[in-house]
Amino acid sequence: MSTLETARPATQQPDTPVRRRKPKRAREYLTFLALVAPNFILLAVFSYWPVIYNAYLSLTDWNLIAPMPTFVGLENYQELLTGHEFREVLLTTVIFVVGIVGGSLVLGLGVALLLNQKLKGRGVVRTMVFAPHVLSGAAVGLAWVFIFDPNYGLSRVAFSAIGQSSPSWLTDSGWALPAVMIVYLWKNVGFSAIVYLAGLQGMPKDLYESASLDGAGAWTVFRRITLPLLSPVTFFLMITTIISSFQAFDVIAVMTDGGPGGATTILSWYVYEKGFSDFEAGPAGAGAVVMFVILLVITLLQTRFVERKVHYR
């Protein structure tokens, strides 16, 4: 009997913690859902659902006034990809994005290298360099409209100093896109410079000291040490600058309105014009889907190939 009496509690003891653990785990799940659900609902309503609904609109013919869209399948994509207008928009977008990304990285790194020197008043200079990035795009666009004015703007003074007349920046199709790119570069270089500067100030000093003792020149140190160690910063800036370049809108709206003759019409402006000027929801939705796919492919390619060359140590 004593053996049985001592054996029973041994078999019953593990049951008690298991029964107590189940309500506790359920409470943890409910707490997790209570904390995550609001964020997930907001993402679903304001991020995922618009993407899904836009994909549906791209398969329809709708003028935003009729009660119901008419389903047309892939006709909008066919007209979009075979049309001359959209090919011009894609070419303009590629030139714009490549120019902004390349210029922001190169100029930002150059400015960061200068700001990394021990100069008097560099704190004030850093603030002045970064200030355009936080300014409103509409305000920046209005300021540069006056700067580019061929009769009264500052560009006229600059060209007069070299004996030339100022071009019609915003009304000449050959100068309009470079003008918009100059404004976006002026606005975004400060952000790239500050991020690069943070990376430069976090460099390990012992590597530079070792390179100096080995007799390495400035260019060798920059190419062999500085650039590889800045690769995570470059990778981050490349992704963010590409995304922001595709989303460019405010400066174009203020300065050129997509003109002249579509010279500054990039994908984001094309989608806006089709949707809210021409009231063609189908082509606008198809253009937005194409832009989403392009950004997705670029991001995947960067993650797949470019990130391999990033040195995190």
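Residues numbered from 1 in each chain as written. Predicted model: local features only at pLDDT ≥ 70, side-chain atom pairs only at ≥ 80, totals over all residues. Heavy atoms only, no water.

**Section: the overall build of the protein**
Here is step 1: A count of helices and strands for the protein gives 14 helices and two strands.
Here is step 2: Summarising its shape, the C-alpha atoms of the protein cover approximately 115 × 75 × 35 Å along the three principal directions.
Here is step 3: Across the 313 residues that make up the protein, the buried fraction comes to 34%.
Here is step 4: Counting only contacts in the protein whose residues sit at least 6 apart along the sequence, the fraction spanning at least 24 positions is 68%.
Here is step 5: Element-wise, carbon and sulfur atoms account for 67% of the exposed surface of the protein, whose accessible area totals about 19600 Å². (Helix = DSSP H or I, 4+ residues; strand = E, 2+ residues; numbered from the N terminus. Buried < 20%, exposed > 50% of the residue type's maximum accessible area, 1.4 Å probe, protein only. Contact = heavy atoms within 4.5 Å. Areas by Shrake-Rupley, 256 points an atom, 1.4 Å probe, with all protein chains shown as cover.)

**Concerning the UniProt feature "transmembrane region" (unreviewed entry) in the protein**
Here is step 1: Following the UniProt record, one finds the feature "transmembrane region" (unreviewed entry) at residues 29–49, 89–115, 127–147, 175–198, 229–249 and 281–301.
Here is step 2: Helix makes up 90% of residues 127–147 and strand makes up 0%, while its end C-alpha atoms are separated by 22 Å.
Here is step 3: The span residues 229–249 carries 81% helix and 0% strand; its end-to-end C-alpha distance comes to 34 Å. (UniProt positions renumbered as here; feature names shortened; annotations may be inferred.)

**Quick look at the confidence of the model for the protein**
Here is step 1: Residues with a pLDDT of 70 or more make up 91% of the protein, whose mean pLDDT is 87.
Here is step 2: Confidence over residues 1–7 falls short of pLDDT 50; this stretch has zero contacts with residues more than four positions distant or in other chains. (pLDDT = per-residue confidence, 0-100.)

**Let's talk about the nonpolar core**
Here is step 1: Counting 52 residues, the largest nonpolar core has Phe96, Phe148, Tyr184 and Tyr196 as its most contacted members.
Here is step 2: The set of elements that each furnish at least two residues to this core consists of α3 (75–82), α4 (84–115), α6 (137–147), α8 (176–201), α11 (231–246), α12 (250–255), α13 (267–277) and α14 (281–304).
Here is step 3: The element that contributes the greatest number of residues to this core is α8, accounting for 13 residues. (Core = buried A, V, L, I, M, F, W, Y, C linked by side-chain atoms within 4.5 Å.)

**Side note on the packing of helix α5 (residues 122–134) against α8**
Two quantities define a packed helix pair, namely the angle between the helix axes and the distance between the axes.
Here is step 1: Viewed as axis vectors pointing N to C, α5 and α8 meet at an angle of 130°, and their least axial separation amounts to 6 Å. With respect to each other, α5 and α8 are oriented oblique. Here the hand of the crossing between α5 and α8 comes out left-handed. Residues Arg126, Val129, Phe130, Pro132 and His133 of α5 lie in contact with α8, whose contacting residues are Trp186, Lys187, Asn188, Gly190, Phe191, Ala193, Ile194, Leu197 and Gln201. (Axes fitted to C-alpha atoms, helices over the stretch in contact; angles between N-to-C directions. Parallel < 35°, antiparallel > 145°, perpendicular 65-115°, else oblique. Left-handed = near helix turned anticlockwise from the far one by under 90°.)

**Structural notes on the pattern of salt bridges**
Here is step 1: Using the criterion set out here, one finds one salt bridge in the structure.
Here is step 2: Residue Glu280 pairs with Lys274 through a salt bridge whose shortest N-O separation is 3.7 Å.
Here is step 3: You can call Lys274 buried: its relative accessible area is 13%. (Salt bridge = Lys/Arg side-chain N within 4 Å of Asp/Glu carboxyl O.)

**Considering the UniProt feature "domain: ABC transmembrane type-1" (unreviewed entry) in the protein**
Here is step 1: This chain's UniProt record puts "domain: ABC transmembrane type-1" (unreviewed entry) on residues 90–302.
Here is step 2: Secondary structure over residues 90–302 splits into 75% helix and 0% strand, and the C-alpha atoms at its two ends are 20 Å apart.

**Concerning the packing of α4 against α13**
Here is step 1: Contact pair α4 / α13: the axes reach a minimum separation of 9 Å and the direction vectors enclose 145°. Two secondary-structure elements touch here, α4 through Glu85, Phe86, Val89, Leu90 and Thr93 and α13 through Leu267, Tyr270 and Lys274.
Here is step 2: Counted by class, the contact of α4 with α13 contains five nonpolar, one polar and two charged residues. (Nonpolar A, V, L, I, M, F, W, Y, C, P; charged D, E, K, R; others polar.)

**Points about the side chain of Thr92**
Here is step 1: Mapped onto the elements, Thr92 comes out in helix α4.
Here is step 2: Here Glu88 takes part through its backbone oxygen, which lies 2.9 Å from a polar atom of the side chain of Thr92. (Polar contact = N/O pair within 3.5 Å; in protein donor to acceptor, adjacent residues only side chain to side chain.)

**Details of the environment of Phe32**
Here is step 1: In this fold, Phe32 is placed in helix α2 (residues 15–57).
Here is step 2: Residues Phe32 and Val251 lie 219 residues apart in sequence; the distance between their C-alpha atoms is 43 Å.

**Details of unusual backbone geometry**
Here is step 1: For the bond running from Gly259 to Pro260, omega is -5°, close enough to zero to count as cis.
Here is step 2: Relative to the elements of secondary structure, Pro260 occurs in the loop between α12 and α13.
Here is step 3: Phi is positive for Asp257, which is not a glycine, with a value near 55°.
Here is step 4: Relative to the helices and strands, Asp257 is located in the loop between α12 and α13.
Here is step 5: By relative accessible area, Asp257 is classed as partly exposed at 48%.
Here is step 6: Phi angles above zero are rare outside glycine, and Phe279 is one such case at about 55°.
Here is step 7: Of note, Phe279 is situated in the loop between α13 and α14.
Here is step 8: A relative accessible area of 41% means that Phe279 is categorised as partly exposed.

**Describing the side chain of Ser166**
Here is step 1: Along the chain, the position of Ser166 falls in the loop between α7 (154–161) and α8.
Here is step 2: Classification of Ser166 as buried rests on a relative accessible area of 12%.
Here is step 3: Within the structure, the side chain of Ser166 is placed 3.1 Å from the side chain of Ser155, a separation counted as a polar contact.
Here is step 4: In contact with Ser166, other than residues within four places in its own chain, are Pro150, Ser155, Arg156 and Phe159.

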